[in-house]
Amino acid sequence: LHQKNQGLGPARNTGMHAAKGTYLLFLDSDDYFTPEALRLMEKHADDPAEVVYFSVRSVDSERGEPSARQDAKLHYLARYEGKPADLDFYLRYLYNEPWGKLVRREFVEREGIRFDETSCANDYTFSVLCGLKARTVAYDPGVLCIITEREGSVSHDYFDAPRKVQDRLQVYWKVQGLFDEAGIPLY
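Calculation notes
- Residues numbered from 1 in each chain as written.
- Predicted model: local features only at pLDDT ≥ 70, side-chain atom pairs only at ≥ 80, totals over all residues.
- Heavy atoms only, no water.
- Buried < 20%, exposed > 50% of the residue type's maximum accessible area, 1.4 Å probe, protein only.
- Helix = DSSP H or I, 4+ residues; strand = E, 2+ residues; numbered from the N terminus.
- Contact = heavy atoms within 4.5 Å.
- Pairing = 2+ DSSP bridges.
- Phe/Tyr/Trp six-rings, centres within 6.5 Å; stacked < 30°, edge-to-face > 60°.
- Axes fitted to C-alpha atoms, helices over the stretch in contact; angles between N-to-C directions.
- Parallel < 35°, antiparallel > 145°, perpendicular 65-115°, else oblique.
- Nonpolar A, V, L, I, M, F, W, Y, C, P; charged D, E, K, R; others polar.
- Disulfide = S-S within 2.5 Å.
- Salt bridge = Lys/Arg side-chain N within 4 Å of Asp/Glu carboxyl O.
- Core = buried A, V, L, I, M, F, W, Y, C linked by side-chain atoms within 4.5 Å.

**Student:** What am I meant to see in helix H4 (residues 84-94) here?
**Tutor:** Residues lying three or four places apart along an α-helix face the same way, a consequence of the helix completing one turn every 3.6 residues. When we look at burial in H4, the residues that qualify are Leu87, Tyr90, Leu91, Arg92 and Tyr93. Tucked into the core, H4 has its buried residues touching strand E3 (51-60), helix H3 (71-80), helix H6 (124-133), strand E5 (137-149) and helix H7 (162-182).

**Student:** Which parts of the structure should I look at to understand the pairing of E3?
**Tutor:** For a regular strand, the rule is simple: side chains alternate between the two faces of the sheet. Within E3, nine of the 10 residues are buried, which leaves it mostly tucked inside the rest of the structure. Pairing of E3 with E5, which is carried by nine bridges, proceeds in the parallel orientation. What sits directly across from Val59, in E5, is Thr148.

**Student:** What's the story with the sheet that holds strand E4 (residues 101-104) in this structure? I'm lost.
**Tutor:** Pairing is mixed in the open sheet, where five strands are placed in the order E1-E4-E3-E5-E2. Each edge of the open sheet carries a strand with a single partner, namely strand E1 (23-24) and strand E2 (32-33).

**Student:** Honestly, H6 in this entry has me stumped. Any pointers?
**Tutor:** The buried fraction of H6 amounts to eight of the 10 residues, a majority that puts the element mostly inside the structure. If you check which residues of H6 are buried, you get Tyr124, Thr125, Phe126, Ser127, Val128, Leu129, Cys130 and Gly131. Of the surrounding secondary structure, the elements contacted by the buried residues of H6 are helix H1 (8-18), E3, H4, E4, helix H5 (105-111) and H7.

**Student:** Explanation requested: the packing of aromatic side chains in the structure shown.
**Tutor:** Where two aromatic rings form a pair, the distance of their centres and the angle of their planes describe that pair. Scanning the entire structure with this criterion turns up 11 aromatic pairs. Pairing Phe26 with Phe115 gives two aromatic rings, centres 5.1 Å apart and planes at 75°, and the pair type is edge-to-face. Of this pair, Phe26 sits in the loop between E1 and E2 while Phe115 sits in the loop between H5 and H6, placing them 89 residues apart in sequence. Overall, Phe26 belongs to the buried group, its relative accessible area being 10%. These aromatic residues form a ring-pair network of at least three members: Phe26, Phe115 and Phe126.

**Student:** Help me understand the packing of H3 against H4 in this model?
**Tutor:** Here H3 crosses H4 at 150°, and the two axes come no closer than 8 Å. Considering the angle they form, H3 stands roughly antiparallel to H4. Two secondary-structure elements touch here, H3 through Ala72, Lys73, Tyr76, Leu77 and Tyr80 and H4 through Pro84, Asp86, Leu87, Tyr90, Leu91 and Leu94. For the contact of H3 with H4, the per-class residue count stands at nine nonpolar, no polar and two charged.

**Student:** What is the right way to look at the state of the cysteines in this model?
**Tutor:** Two cysteines, two sulfur atoms, one covalent bond between them: this is a disulfide. Applying the stated criterion across every chain, the model contains zero disulfides. Cys130 forms no disulfide, and the closest cysteine sulfur to it belongs to Cys145, at a distance of 15 Å. Given the relative accessible area of 1%, Cys130 is considered buried.

**Student:** Help me understand the environment of Ser58 in this model?
**Tutor:** Relative to the elements of secondary structure, Ser58 occurs in strand E3. Take Ser58: its relative accessible area is 3%, and that puts it in the buried class. Between the C-alpha atom of Ser58 and that of Ile147, which follows or precedes it by 89 residues, the distance is 4.4 Å. Excluding residues that lie within four positions of it along the chain, Ser58 makes contacts with Glu65, Pro66, Ser67, Arg69, Gln70, Ile146 and Ile147.

**Student:** Quick question: what am I supposed to make of the pattern of salt bridges here?
**Tutor:** When the charged atoms of two side chains lie near each other, side chains of opposite charge can form a pair. Across all of its chains, the model carries 16 salt bridges by this definition. The closest approach of N and O atoms between Arg39 and Glu36, which form a salt bridge, is 4.0 Å. On the basis of relative accessible area, Arg39 is assigned to the partly exposed category, the value being 47%. For Glu36, a relative accessible area of 29% gives the class partly exposed. Because the salt bridges share partners, they merge into one network encompassing Glu50, Glu106, Arg110, Glu111, Lys133 and Arg135.

**Student:** For this particular structure, what's the right way to read the nonpolar core?
**Tutor:** Note that soluble globular proteins tend to have their nonpolar side chains buried in a common cluster. Of all hydrophobic cores here, the largest spans 36 residues; its most connected members are Val51, Leu91, Phe107, Val108, Phe126 and Phe179. Secondary structure elements with two or more residues in this core: E3, H3, H4, H5, H6, E5 and H7. For this core, the leading source of residues is H6, giving five residues. Dropping the residues within four chain positions of it, Phe107 is found in contact with Glu50, Val51, Ile113, Cys130, Lys133 and Ala134. Counting nine residues, the second largest nonpolar core, distinct from the first, contains Tyr23, Val52, Phe54 and Leu144.

Keep in mind these values describe shape, not function.
So this is what it looks like as structure tokens:
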């Protein structure tokens, strides 16, 4: 391809448009699947849930050691695992990254869910809309993929440029409006 890089949102939308399978599965170029990923995907091949959420692990890409990026998510997943209503709320509205999930392609197409085409935070609205619109969701404590963390990544340098600050605020405001419309007192 000889095209200008338009960012993650447009690339993900292009990939979704070209997808033909039952599920959509997102993985950034610096992340990787666990050895158990295929078994986990096969286990949920006939799951009626529109979104299947998995546990997460993250590593520092320089040292290969666990990174702090996983800590909050693991804390809440462990805290809510025995509380179905709390776990459902957490998965649907606070698990706001596209990785670590199997999302039914037909569901995304039916609901017209797309990624924002912003310089950052383009996955937040997508993830929240999946949670808001899914009729059924499921959780599997298995780890589907390993997320890396590194200096200079979009998720590491949240506010290093005025454009990122503006885009993040616009996306956060948009998501807050979605929660308000749905009557979900999140913030």
